[in-house]
Amino acid sequence: MRYSPGLLERRYGLRYGDAFQADANLVLTLGENDIPSWFRKNFQLVLIQSVWVSFDRQYDVDSYGRLIVPVGFLKWQGKRIEIVEMRLEVKVGRRRWQDISRSIKDKELLRSRKNISYHFYSNEAKEPIARVWMNASEKKVLKIEFKPRERENPVQNLANVKPDIYVSPNPAIASVRFEFYNLPPGTYRLSIFNIIGQEEWSKMYTINGNYAEQVDISQLKKGAYLYSLKDERGRTLSTKRLMVIRP
């Protein structure tokens, strides 16, 4: 499959106030044996078919500033509105392609789609450092993706590292990874407290040495928290700060 012309993903040299449009088409020709059985059954066709997809992308660099996420800061924010239209064509012998989209009973399969997304760019990366997909009214976030910052960790002898716990990313949005290091065999309690000392979450662990676990923190409101690790005697081994942010 090839886009004709190519589907533009980003234009070089973005500036505040830039606005431009990009169009592309994608045509996929299928023989009878290439078409899935559920597709043939749905459309009740056994002819050679072609799926034609049109992309209309509208770009608007509508702001610039700072984006506080685990990846760093943005330079530019671009809003992208993508209109995707599809049609189904058939061809018999040497006849021309015929558009039969209107004769399809299941209109949902070929309906036009409007995708709205925000792309956050920096001067240090070719790809967006973050992307946010919105619903049609732009009042609900459907999906968020961000590019993690590359980090270099110095090599060290774990035998010389005192028992401790670390969390990443920090600040965090929906989940974090807790990493336990060099813990003597035993039972430990990990807790998260709000700024007034109320426990918001806790879990018991049986650990010998090193361990890591992903924890869902989507139930926490945005703000500052403390996470604390205690041994089975109730002694606090480590207490550190965790920031929770929301888009």
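Above this text is the structure in question.
Residues numbered from 1 in each chain as written. Predicted model: local features only at pLDDT ≥ 70, side-chain atom pairs only at ≥ 80, totals over all residues. Heavy atoms only, no water.

(A) Highlighting the overall build of the chain. Counting its regular elements, the chain contains one helix and 13 strands. Counting from the amino terminus, the chain carries its helices and strands in the arrangement β-β-α-β-β-β-β-β-β-β-β-β-β-β. Counting over 247 residues, the chain shows a buried share of 36%. For the chain, the exposed area adds up to about 16,700 Å²; of that, 49% sits on carbon and sulfur atoms. (Helix = DSSP H or I, 4+ residues; strand = E, 2+ residues; numbered from the N terminus. Buried < 20%, exposed > 50% of the residue type's maximum accessible area, 1.4 Å probe, protein only. Areas by Shrake-Rupley, 256 points an atom, 1.4 Å probe, with all protein chains shown as cover.)

(B) Local environment of the nonpolar core. If you look at the biggest cluster of nonpolar residues, it comprises 21 residues, and the most contacted ones within it are Phe178, Phe180, Leu190, Ile192 and Leu242. If you list the elements that add at least two residues to this core, you get strand 9 (164–168), strand 10 (175–193), strand 11 (199–216), strand 12 (223–230) and strand 13 (236–244). For this core, the element with the most residues is strand 10, which contributes seven residues. Not counting chain neighbours up to four residues away, the residues in contact with Phe178 comprise Ile165, Tyr166, Val167, Leu190, Ile192, Tyr211, Ala212, Glu213, Val215 and Tyr227. With nine residues, the next largest nonpolar core counts Ile81, Ile116, Phe120 and Ala125 among its residues. (Core = buried A, V, L, I, M, F, W, Y, C linked by side-chain atoms within 4.5 Å. Contact = heavy atoms within 4.5 Å.)

(C) Expanded view of the side chain of Ser238. Topologically, Ser238 is positioned in strand 13. Here the side chain of Ser238 touches Asp164 through a polar contact of 3.0 Å, side chain to side chain. For Ser238, the contacting residues outside a window of four places in its chain are Asp164, Ile165, Tyr227, Ser228 and Leu229. (Polar contact = N/O pair within 3.5 Å; in protein donor to acceptor, adjacent residues only side chain to side chain.)

(D) Inspection of the packing of aromatic side chains at higher detail. Considering all chains together, one arrives at seven aromatic pairs under this definition. Aromatic pair Phe20 and Tyr59: ring centres 4.7 Å apart, planes at 15 degrees, arrangement stacked. Within this pair, whereas Phe20 is found in strand 2 (residues 19–30), its partner Tyr59 is found in strand 3 (residues 48–64), the two being separated by 39 residues in sequence. Grouping residues by exposure puts Phe20 and Tyr59 together as buried. Directly above the ring of Trp133 sits Lys143, whose terminal nitrogen or CZ lies 4.5 Å from the centroid. (Phe/Tyr/Trp six-rings, centres within 6.5 Å; stacked < 30°, edge-to-face > 60°. Lys NZ or Arg CZ within 6 Å of the ring centre and 35° of its normal.)

(E) Local environment of the pattern of salt bridges. According to the stated counting rule, one finds eight salt bridges in the structure shown. Note that Glu145 is salt-bridged to Lys143, the shortest N-O span being 3.8 Å. Under the relative-accessibility criterion, Glu145 is labelled partly exposed at 31%. For Glu213, the salt bridge is made with Lys203, and the minimal N-O distance between the two is 3.1 Å. (Salt bridge = Lys/Arg side-chain N within 4 Å of Asp/Glu carboxyl O.)

(F) Fine view of unusual backbone geometry. Of note, the bond from Ser168 into Pro169 is cis; its omega dihedral lies within 30 degrees of zero at -10 degrees. The phi angle at Glu138 is positive, at roughly 60 degrees, despite the residue not being glycine. With respect to the helices and strands, Glu138 occurs in the loop between strand 7 (130–134) and strand 8 (141–146). Owing to a relative accessible area of 29%, Glu138 belongs among the partly exposed residues under this scheme. A positive phi is found at Asn182, a non-glycine position, where the angle reads about 55 degrees.

(G) Examining the environment of Tyr3 more closely. Among the structural elements, Tyr3 can be located in strand 1 (residues 3–4). Considered as a pair, Tyr3 and Phe55 are 52 residues apart in the sequence and their alpha carbons are 9.5 Å apart. When residues no more than four places from it in sequence are discounted, the contact partners of Tyr3 are Ala24, Asn25, Leu26 and Phe55.

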